[in-house]
Amino acid sequence: MEFALSQAKKTCPFLHVTSTSSLRRLSTLPAGAKKSNALLNKAQQCPVMSKAMEAQNTTTPAATQQTRTISTSRSSFQKPTASVKAKALENTESVAIPSKTPFAATATATPTLEKPVSLNTNAKHFDYESFYNHELEKKHKDKSYRYFNNINRLAQKFPRAHTSRVQDEVTVWCANDYLGMGRNPVLTETMKRTLDRYGAGAGGTRNIAGNADLHLRLESELADLHHKEGALVFSSCYVANDATLATLASKLPGCVIFSDQLNHASMIQGMRHSGAQKKIFRHNDMTHLEELLQSVDPATPKIIAFESVYSMCGSIGPIHEIVDLAKKYGAITFLDEVHAVGMYGPRGAGVAEHLDFELNAAHPTMGNGSIVDEIDIITGTLGKAYGCVGGYIAGSASFVDMIRSYAPGFIFTTSLPPAVVSGAMESVKYLKVSNTERQMQQINTRVVKSRLAELGIPVVPNPSHIVPVLLGDAASAKLASDELLSEHGIYVQSINYPTVPVGEERLRITPTPGHNQDMIDHLVHSLETIWSRYSFRRVNDWVAEGGRAGVGMAQPPQVEPLWTNGQLGLDNVVQEPKAVKQSSSTVA
């Protein structure tokens, strides 16, 4: 009202000299008045408004001149307005266009009257709650419904946790805090000091009040870690992967993405959001990848997206081979090191760094000739081995700046809190110089795999720190998980479709440096008890069925741990299994 009057005053002499309060007074009907007020009388005296009012009286039916109708129907009862063509086909009642209207001369069809909207409709509205329940029922029927256990990790008792009842404690065997850094004083004390100084939240997006010196220093540490010119921190690596692939592939003209069959959902989602063409190659199959690359014009921008450690099966991506193919066919490489950062390499930069372990240990700088330098884009997380939260990308300065400037997932979200950033930065710096945690994690992984193999409990073979125990169906996986928790005080989450293919359901065990010998003994004994009670399939059973997920195959691949004995300091150990058990028993 106020704005409309201010605009009208600029052109109308009467309104220009009349105050708003006066206009309100003039528009009020005097006592006993029914049809007019002082403002209308003034309008009739106006040479402009009088002609407009006369025209309105000529074209408007008398029944509608006296009162202004107010719609009382809710929007949910409104019938959508049909197109002009649809009206001509659906309605039979018509009215002639007045000859004085500007449309009369050019009208080629007779307009139709709108049918009145009925408020007394018997049409049934969409049942949203039934839809939700129907979708959930499908999950229950195919046994893929996800149950969320109440697990509260205890910092001073790692890897112990309590359930919904504080007095009920369990041992956690499936956390992604692989090295127990989430409780390390290197992080926690720094975070406490930062919280006291800078408060809880970041205060805004990176562009508006949320771009602190801590964020910039963390990005410098990450760029140095991966031998790159720049890095960019996101709220999570899911967001980092999604936002980066969506932005990059949508900007590159005619881009084609080549994606490993087992890539993480965050990468798949980013590819979908990009709208770019996607070609999927069989997991780690370089022959198939090359066939797909050959099918695309050499001048077309191409991205090869893959992972270093595939977290549900523990397999390792063939980084050298993919880099060679990328160079041969003019593609750039996008390597997800989420489950490898902090875990591999002399400074914890991941599998790419680990492949040139000695070189990167001696010369940990960009340009040293290692395969790390050959990767175009690396993504990682701060929420797993680094024990904090957040994700990041690393690459050339121009690439990072372009993502920073265009990616909605970075631009339009509140930046990570200062305390989180400071803790993550200290964790990255600490694990650049300390190999102790990752070495002891690898030793415990070897012990668990060896002990389960002795019992014929099927572990999907792999060279990484993941211990996937195959069940083969969702119901068995959940039963094993539930019984471990309820009867043995062990928490291992079952993994079902769509995280893994149907028929490859499993338990995913992740040893840490904090699991001591007694805990390992208890885990192995508990699994043996459950396997015997329910006659779950062992390795020999899978052999008889022809094998599945790498277990019980006729010609099993030879798998050697990525960490060698020399890198673990085990070169001089004669009886490795016994020595490893003794070593693991010293882990607190």
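Model, not experiment: these values are computed from the prediction.

## Describing the pairing of strand E4 (residues 230–234)
So, point 1. Extensive coverage of E4 is indicated by the burial of five of its five residues.
So, point 2. Residues Gly230, Leu232 and Phe234 line one face of E4 and the alternating positions Ala231 and Val233 line the opposite face, and both faces are buried.
So, point 3. Looking at chain direction, E4 and strand E10 (residues 391–395) are connected through five bridges and run antiparallel. Across the sheet, Leu232 pairs through a bridge with Ile393, a residue of E10.

## Describing the packing of aromatic side chains
So, point 1. Enumeration over the complete set of coordinates arrives at eight aromatic pairs.
So, point 2. Ring centres of Tyr534 and Phe536 lie 5.7 Å apart, and the angle between their planes is 25°; this geometry places the pair in the stacked category.
So, point 3. Site record: aromatic cluster; members linked through ring pairs are Phe126, Tyr128, Phe131 and Tyr132.
So, point 4. Geometry around Tyr147 places Lys478 over its ring, the cationic atom sitting 4.3 Å from the centre.

## Some words on unusual backbone geometry
So, point 1. Cis geometry is found at the peptide bond from Phe158 to Pro159, where omega equals 5°.
So, point 2. With respect to the helices, strands and loops of the structure, Pro159 is situated in the loop between strand E1 (152–153) and strand E2 (160–162).
So, point 3. Backbone torsion omega between Tyr497 and Pro498 reads 10°, so that peptide bond is classified as cis.
So, point 4. Despite not being glycine, Asn284 shows a phi value in the positive range, around 60°.
So, point 5. By the secondary structure assignment, Asn284 is in the loop between strand E6 (277–281) and helix H13 (286–294).

## Points about empty space enclosed by the protein
A probe matching the size of a water molecule, rolled over the atoms, marks out where space remains unfilled.
So, point 1. Overall, the coordinates contain two cavities of 30 Å³ or more when judged by the stated rule.
So, point 2. Along the walls of the largest cavity sit Arg206, His215, Val233, Phe234, Ser235, Gly409, Phe410, Thr413, Thr414, Ser415 and Leu416, which together make up its complete lining.
So, point 3. Among the residues forming the lining of the largest cavity, the class breakdown is four nonpolar, six polar and one charged.
So, point 4. Forming the boundary of the second largest cavity are Arg153, Phe158, Pro159, Val172, Ala175, Thr512 and His515.
So, point 5. Its residues placed into classes, the lining of the second largest cavity shows four nonpolar, two polar and one charged.

## Digging into the sheet that holds strand E11 (residues 467–470)
So, point 1. Judged by pairing direction, the sheet is antiparallel, and its three strands sit side by side in the order E11-E14-E13 without closing on themselves. Strand pairing shows two members of the sheet lacking a second neighbour, E11 and strand E13 (494–495), which therefore form its edges.
So, point 2. As judged from the two bridges shared by E13 and strand E14 (residues 506–509), these two strands associate in the antiparallel manner. Bridging across to E14, Ser494 finds its partner in Leu507.

## Brief notes about the confidence of the model for the protein chain
So, point 1. Considering every residue of the protein chain, the mean pLDDT works out to 85; 76% of them sit at 70 or more.
So, point 2. Note that residues 60–111 has pLDDT below 50 and, in this model, 32 contacts with residues that lie over four places away or in other chains.
So, point 3. Below a pLDDT of 50 lies the segment residues 576–588, which in the model reaches 28 contacts outside its immediate sequence neighbourhood of four places, other chains included.

## A few points about the nonpolar core
So, point 1. One finds Leu222, Phe258, Leu289, Ile304 and Ile319 to be the most contacted residues of the largest nonpolar core, which totals 68 residues.
So, point 2. When residues no more than four places from it in sequence are discounted, the contact partners of Phe258 are Lys279, Phe281, Leu289, Leu292, Leu293, Val296, Lys302, Ile303, Ile304 and Ala305.
So, point 3. Counting 30 residues, the second-largest nonpolar core is a separate cluster that includes Ala161, Val170, Val467 and Ala480.

Procedures and definitions
Within any chain, residue numbers begin from 1 and follow the written order of that chain's sequence. Given that this is a predicted model, residues contribute local features only at a pLDDT of at least 70 and side-chain atom pairs are listed and counted only at 80 or more, while totals for whole chains, interfaces and linings are drawn from all residues. The side-chain values count all of the structure's non-hydrogen atoms but skip hydrogen atoms and water molecules. Only protein chains enter the accessibility calculation, which uses a 1.4 Å probe; a residue is then buried when its area is under 20% of its type maximum, exposed when over 50%, and partly exposed in between. What counts as a helix is a DSSP run of H or I of at least four residues, what counts as a strand is a run of E of at least two, and both are numbered from the N terminus. The pairing criterion for strands is at least two bridges between them, as found by DSSP. Here the aromatic set is Phe, Tyr and Trp, taking the six-membered ring for Trp, and pairing holds for ring centres within 6.5 Å; pairs whose planes are under 30 degrees apart are stacked, those over 60 apart are edge-to-face, and all others are tilted. Charge over a ring is defined by NZ of Lys or CZ of Arg lying within 6 Å of the ring centre and within 35 degrees of the ring normal. Put plainly, a pocket is an open set of points on a 1 Å grid over the protein atoms alone with protein on both sides within 12 Å along at least five of seven lines, a cavity is a set where a 1.4 Å probe fits but cannot get out, and a lining residue has an atom within 4 Å of a point. Grid points are joined across faces, edges and corners, and a volume is the space filled by probe spheres set on the points. Side-chain classes follow a simple rule in which Ala, Val, Leu, Ile, Met, Phe, Trp, Tyr, Cys and Pro form the nonpolar group, Asp, Glu, Lys and Arg form the charged group, and the remainder, Gly included, forms the polar group. Every residue is assigned a pLDDT by the predictor, reflecting its confidence on a scale from 0 to 100. In this description, contact between two residues means that some pair of their heavy atoms is separated by no more than 4.5 Å. Grouping buried Ala, Val, Leu, Ile, Met, Phe, Trp, Tyr and Cys residues that are joined through side-chain atoms within 4.5 Å yields what is termed a nonpolar core.

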